[in-house]
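Summary of structural features
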Amino acid sequence: MKHEKLAKNFFKWYEKEYKKVWDEWHGINIPEDILQKLNLDDDEYYNKYVKPYLKLNKEQIKGALKFLAGCLQDKLTPQPSPFCLSLKIDISPKINALEWLLVHIADLKYFEFNDFLKSKYKKPYNQCLICGKPDYYEIETAADKIQKKYFTHKKKYCHKKGCTEDNSNPREHVEGCHYKEWARLKKTMNQKLTRILTKIKEYEKDKNLIDDEKTTKIKEAEKEYYKVFEDFYLEQYKKNCKIFYTIRKSEKDEVFDIREF
């Protein structure tokens, strides 16, 4: 069932959250209290403390950090004490979580994405839709042997021993199966949204309600309608922060495990 009305608020939230997380990850947002103490604006801070490093290659940056560590040793640590600075690039779990969130929203088929979301959306290639596991998952067979189950564009969930992969009935899948988990979540939310829309239509047709009362009830129901979806995507975003795998769009793309960074 389509729910186009839910799109606008989600687009607004997603773009704002994505830009905020991206800026935090790249260190674009300089804390205001630091700027005030140094009596500098953003551009002045960038030109004085950041830009000089950008002229260096990776090895030169490492050398600069090593030299800086020596200069800071007396100032920041008790003597004698080793002090070092390391160069490490992290993949933000929030960026990864937001990209997976688009995968989950797309799978709901509630509305079409706008241009911004289209530019961020990646359709996973042979990965579990819920945990991001690439290529295959493993189960223990009845003979206590480990068997690999490979993903395809149709088989895109991690299952468990005792599951019938091709069975569309979630009840036939055991607890912990990602197909069962996702199917149950979608069904619950679809029922909530449909129930609220039905209630709104009933209010609209109810001739026993005076105009003010009808307006109030419809507004309250619409507020509940948007809240159900908002609660879903905020909770899913939180869950997605525990997905360790990045999304790949094709066989040529590499999947990264962010725990290794």
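Here, every reference points to the structure presented above.
About the cut-offs
- Residues numbered from 1 in each chain as written.
- Predicted model: local features only at pLDDT ≥ 70, side-chain atom pairs only at ≥ 80, totals over all residues.
- Heavy atoms only, no water.
- Helix = DSSP H or I, 4+ residues; strand = E, 2+ residues; numbered from the N terminus.
- Rg over C-alpha atoms; globule rule 2.2 N^0.38 Å.
- Areas by Shrake-Rupley, 256 points an atom, 1.4 Å probe, with all protein chains shown as cover.
- Lys, Arg positive; Asp, Glu negative; His and termini not counted.
- Charge placed at Lys NZ, Arg CZ, Asp CG, Glu CD.
- Salt bridge = Lys/Arg side-chain N within 4 Å of Asp/Glu carboxyl O.
- Bend = angle between axes of the 7 residues up to and from the residue.
- Polar contact = N/O pair within 3.5 Å; in protein donor to acceptor, adjacent residues only side chain to side chain.
- Axes fitted to C-alpha atoms, helices over the stretch in contact; angles between N-to-C directions.
- Parallel < 35°, antiparallel > 145°, perpendicular 65-115°, else oblique.
- Left-handed = near helix turned anticlockwise from the far one by under 90°.
- Contact = heavy atoms within 4.5 Å.
- Patch = residues over 30% accessible without salt bridge, like charges linked within 9 Å, V, L, I, M, F, W, Y side chains within 5 Å.
- Core = buried A, V, L, I, M, F, W, Y, C linked by side-chain atoms within 4.5 Å.
- Buried < 20%, exposed > 50% of the residue type's maximum accessible area, 1.4 Å probe, protein only.
- Phe/Tyr/Trp six-rings, centres within 6.5 Å; stacked < 30°, edge-to-face > 60°.

1. Comments concerning the overall build of the protein
Of regular secondary structure, the protein possesses eight helices and two strands. Of the regular secondary structure in the protein, the N- to C-terminal order runs α-α-α-α-α-α-β-β-α-α. Relative to its length of 261 residues, the protein is extended, with a C-alpha radius of gyration of 25 Å against a globular reference of 18 Å. Dimensions of the protein along its principal axes, counting C-alpha atoms only, are 80 × 65 × 35 Å. For the protein, the accessible surface area stands at approximately 18000 Å², while carbon and sulfur atoms represent 52% of it. Here the protein contributes 54 positively and 44 negatively charged side chains, and the mean placements of these two sets differ by 3 Å.

2. Focus on the pattern of salt bridges
Opposite charge on two side chains permits pairing when their charged atoms draw close. A complete count under the given rule lists 14 salt bridges for this structure. Notably, a salt bridge pairs Lys-199 with Glu-224, separated by 3.3 Å at the nearest N-O pair. With Lys-199 in helix H7 (residues 178-205) and Glu-224 in helix H8 (residues 211-240), this pair connects stretches of sequence that are 25 residues apart. A salt bridge links Lys-227 to Asp-231, with the shortest nitrogen-to-oxygen separation between them at 2.8 Å.

3. Comments concerning helix H3 (residues 42-54)
Remark: the principal bend of H3, roughly 40 degrees, maps to Lys-48, with a proline, Pro-52, within the next four residues. For H3, the side-chain oxygen to backbone nitrogen distance between the N-cap and Glu-44 is 2.7 Å, and the N-cap itself is Asp-41.

4. Describing the environment of Lys-227
Residue placement: Lys-227 occurs in helix H8. Each C-alpha atom, one on Lys-227 and one on Gln-36, is 39 Å from the other, the two residues being 191 residues apart in sequence.

5. A short note on the packing of H7 against H8
Running from N to C, H7 and H8 cross one another at 170 degrees; their axes reach a closest spacing of 8 Å. Of the possible angle classes, the one that applies to H7 and H8 is roughly antiparallel. Taken as a pair, H7 and H8 cross one another with a handedness that is left-handed. Contact residues: Trp-182, Leu-185, Met-189, Lys-192, Leu-193, Arg-195, Ile-196, Leu-197, Lys-199, Ile-200, Tyr-203 and Glu-204 in H7; Lys-214, Lys-217, Ile-218, Ala-221, Glu-222, Glu-224, Tyr-225, Val-228, Phe-229, Phe-232, Gln-236 and Lys-239 in H8.

6. Comments concerning a nonpolar patch on the surface
A contiguous nonpolar surface patch, about 500 Å² in accessible area, is contributed by Ile-34, Leu-38, Tyr-46, Tyr-49, Val-50 and Leu-54. Elements represented by at least two residues in the nonpolar patch include exactly helix H2 (32-38) and H3. Here the element with the most residues in the nonpolar patch is H3; it accounts for four residues. Secondary-structure assignment places Leu-54 in helix H3.

7. Considerations on the nonpolar core
Core analysis: the largest hydrophobic core is formed by 52 residues, its most contacted members being Phe-10, Tyr-14, Ile-105, Phe-111 and Phe-229. Secondary structure elements with two or more residues in this core: helix H1 (7-26), helix H5 (93-108), helix H6 (115-120), strand E1 (136-140), H7 and H8.

8. Regarding a negative patch on the surface
On the surface, Glu-32, Asp-33, Asp-41, Asp-42, Asp-43 and Glu-44 cluster together into a negatively charged patch. Every element with two or more residues in the negative patch is listed here: H2 and H3. At three residues, H3 tops the list of elements feeding residues into the negative patch. Tracing the sequence through the fold places Glu-44 in helix H3. The class for Glu-44 is partly exposed, based on a relative accessible area of 40%.

9. Re the packing of aromatic side chains
Scanning all chains against the criterion turns up 23 aromatic pairs. Ring plane angle 40 degrees and centroid distance 5.6 Å describe the contact between Tyr-137 and Phe-151, whose orientation is recorded as tilted. In this pair, Tyr-137 sits in strand E1 while Phe-151 sits in the loop between strand E2 (146-150) and H7, placing the two residues 14 residues apart along the sequence. Exposure remark for Phe-151: the relative accessible area of 4% places this residue in the buried category. With centroids separated by 5.4 Å and ring planes inclined at 75 degrees, the aromatic side chains of Tyr-157 and Tyr-179 adopt a geometry described as edge-to-face. With Tyr-157 in the loop between E2 and H7 and Tyr-179 in helix H7, this pair connects stretches of sequence that are 22 residues apart. Of the two residues, Tyr-157 and Tyr-179, both sit in the buried class.

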